[in-house]
Amino acid sequence: MVDSGSVTRVLQRLRSQLPEAALVTDRTRLRTYECDGLLHYRVVPALVVLARSADDVRTTVAACAAEGVPFVARGSGTGLSGGALPHADGVLIVTSQLRQIHEVAPHDQRAVVDPGVINLQVSQAARPHGYYFAPDPSSQQICSVGGNVAENSGGAHCLKYGFTSNHVLSVDLVTPQGDSVTLGTRAPDAPGYDLLGAVVGSEGTLGVATSVTVRLVRSPESVQTLLAGFRTTDDAGSAVSAVIGAGIVPAAIEMMDALAIEAAEAAVACNYPDEAGAVLVVELDGPAEEVEHEFAAVERMCREAGAFEQRVAADDDERAAIWRGRKSAFAAVGRISPDYIVQDGVIPRTALPEVLREMTRLADERGLRVANVFHAGDGNLHPLVLFDESAPGQGERAEELSGAILDLCLAHGGSITGEHGVGADKAKHMPKMFSDDDLDTMQLVRCAFDPDGIANPGKIYPTPRLCGERPGKHTGPHPVQAAGLGEVF
Ligand SMILES: Cc1cc2nc3c(=O)[nH]c(=O)nc-3n(C[C@H](O)[C@H](O)[C@H](O)COP(=O)(O)OP(=O)(O)OC[C@H]3O[C@@H](n4cnc5c(N)ncnc54)[C@H](O)[C@@H]3O)c2cc1C
């Protein structure tokens with residue numbers, strides 16, 4: 001519980017250290033920040049700080065630490081799990097004005113950027129040097145590198161190149177006590193614990209990133225892109241298994257089902273094959289000879305799995321046209337449904353056909369529809385649960401179906417999130433995947449960074465914790481709790 005005067009004291013303190021323009025206190029303006037890309041959770045923050053430098057971040061966090069006031073970092077606010085959802089009695093630290101690219105060093109294959117720099121801008125800055133930044137969320141035109149680091153974001157090309165964690169060399173972090181530390185090094189194999197590894201994907205619960213050194217990847221000599229139309233998702237799924245099973249690692253294999261295609265057609269007229277029950281977008285990149293050889297094999301495997309139409313992009317414009325449908329798919333679903341939930345779960349690739357069929361059955365049972373657009377090569381699903389909030393009971397049924405889909409992923413040995421994070425949205429699902437001991441151990445790590453629990457509280461871990469609503473195995477105080485180090489789940 002935050003004492004009611006403490007945010008006022010933080011504000012008074014900040015007024016002497018930051019310009020008034022950096023402080024948002026007006027209720028109407030504060031509402032601008034009440035949610036991220038997950039629109040159905042909304043909380044108005046007590047105060048917003050528009051940071052203009054790493055020092056502003058440090059000053060703000062130090063003021064929060066002195067008063068025990070919670071803070072939440074926010075990049076571009078495109079997160080889909082409510083990670084940047086503000087705290088009602090806390091401070092939201094917005095990094096979107098920290099947008100400088102400080103260094104592009106092609107010979108060292110790295111760039112040093114502010115946390116608010118937009119993902120795509122890193123690749124744009126590196127391109128003239130023959131390099132790019134590989135993690136490419138579909139939101140890459142708007143999401144920030146700080147948000148990518150916090151969510152360990154993925155994207156279409158992460159199948160071959162790995163997630164954000166594979167592309168971060170070091171992070172300058174303001175700790176929840178208001179200290180500045182650098183985690184990671186530019187040299188390989190640094191001794192000691194991999195604290196950088198702990199911070200990437202920690203969803204803003206271990207501190208605020210104020211500078212990120214990212215790895216740059218050499219632009220490939222050759223890129224080939226294929227659009228293949230299939231009658232069914234089963235056929236498309238078996239093409240994916242054939243390609244991966246043959247030892248080919250495409251830069252991307254993305255799948256869309258009939259409903260997702262319908263939405264994309266309505267929004268951007270992407271002209272995907274008529275009457276396709278599923279399409280695959282397969283991209284190969286690398287040395288020209290290798291790409292040519294493997295691409296022929298991929299075309300053959302798609303044909304053998306039942307592709308009735310295949311189109312190869314002849315140039316960059318045609319490639320962009322193929323990707324347009326896929327990249328616009330999430331937003332496009334708004335064309336065919338008044339409301340939808342973007343789910344994010346992972347399954348082993350081989351379980352794809354079975355899980356997709358079972359998902360349709362679960363949706364039919366509840367009288368709802370699910371559109372699928374996802375990173376098929378990774379087994380990273382993005383089921384979009386369509387519903388109409390104005391229809392009585394549909395919102396609740398959609399929410400329940402969305403949870404049942406995660407249970408389905410877990411039953412097949414998968415995970416409750418692939419790349420969108422846990423945030424506020426999936427905290428309640430964490431005990432399905434982790435034991436009490438697992439969660440206690442994670443909490444110990446968190447407490448090592450943030451003993452007072454002020455960095456993005458209420459995210460990742462299920463709440464309420466000690467009020468007895470969830471019967472747990474601990475009957476007396478747990479050693480973690482007794483030592484004042486954390487809460488027990
Ligand atoms: C249309 C659409 C498509 C998407 N496609 C993908 C996709 O393909 N792959 C994918 O992985 N995600 C995708 N996303 C989700 C989202 O874009 C990513 O999670 C992205 O990395 C969030 O970045 P952001 O700057 O918007 O972060 P925010 O939403 O502002 O914040 C996200 C989390 O990061 C924390 N955070 C932000 N900045 C910092 C910082 N400097 N230091 C510490 N913590 C910080 C916040 O506290 C929060 O927990 C998509 C979203 C949309 C709307």
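Small disclaimer: the values here were computed from a predicted structure and weren't measured.

Cut-offs used in this document
- Residues numbered from 1 in each chain as written.
- Predicted model: local features only at pLDDT ≥ 70, side-chain atom pairs only at ≥ 80, totals over all residues.
- Heavy atoms only, no water.
- Pairing = 2+ DSSP bridges.
- Helix = DSSP H or I, 4+ residues; strand = E, 2+ residues; numbered from the N terminus.
- Contact = heavy atoms within 4.5 Å.
- Axes fitted to C-alpha atoms, helices over the stretch in contact; angles between N-to-C directions.
- Salt bridge = Lys/Arg side-chain N within 4 Å of Asp/Glu carboxyl O.
- Buried < 20%, exposed > 50% of the residue type's maximum accessible area, 1.4 Å probe, protein only.

**Q** For the sheet that holds strand E3 (residues 71-74), give the residues involved together with the corresponding values.
**A** Adjacent strands of a sheet pair through backbone hydrogen bonds, lying either parallel or antiparallel. Strand order in the open sheet formed by four strands is E1-E2-E4-E3, with mixed pairing between adjacent strands. Strands with a single pairing partner mark the edges of an open sheet, and in this sheet they are strand E1 (23-24) and E3. Looking at chain direction, E1 and strand E2 (residues 47-50) are connected through two bridges and run antiparallel. The residue of E2 that forms the bridge with Val24 is Val48. Across the sheet, helix H1 (residues 6-15) touches E1, E2 and strand E4 (91-94), and the angle it forms with E2 is around 25 degrees.

**Q** Report on the pattern of salt bridges, specifying residues and quantitative values.
**A** Counted under the stated rule, the structure contains 22 salt bridges. Its salt-bridge partner being Arg311, residue Glu309 comes within 3.1 Å of it at the nearest N-O pair. Under the relative-accessibility criterion, Arg311 is labelled partly exposed at 27%. Between Lys432 and Asp407 there is a salt bridge, and its shortest N-O distance comes to 2.9 Å. You can see Lys432 sitting in helix H15 (residues 430-433) and its partner Asp407 sitting in helix H14 (residues 394-411), a full 25 residues away along the chain. Given a relative accessible area of 42%, Lys432 falls into the partly exposed group. A relative accessible area of 35% means that Asp407 is categorised as partly exposed.

**Q** Please give an account of the sheet that holds strand E6 (residues 110-113) that cites residues and values.
**A** Spatially, the five strands line up as an open sheet ordered E5-E6-E10-E8-E9, and their pairing is antiparallel. Edge positions in the sheet fall to strand E5 (101-105) and strand E9 (180-184), since each has one partner strand and no second. On average, each strand axis in the sheet is inclined to that of its neighbour by 15 degrees, with strand direction left out of account. Across the sheet, helix H3 (residues 54-67) is in contact with strand E8 (168-174), E9 and strand E10 (208-215); its angle to E10 comes to roughly 140 degrees. Here helix H4 (residues 119-126) sits on the sheet and contacts E5, E6 and E10; the angle it forms with E5, its principal contact strand, is near 45 degrees.

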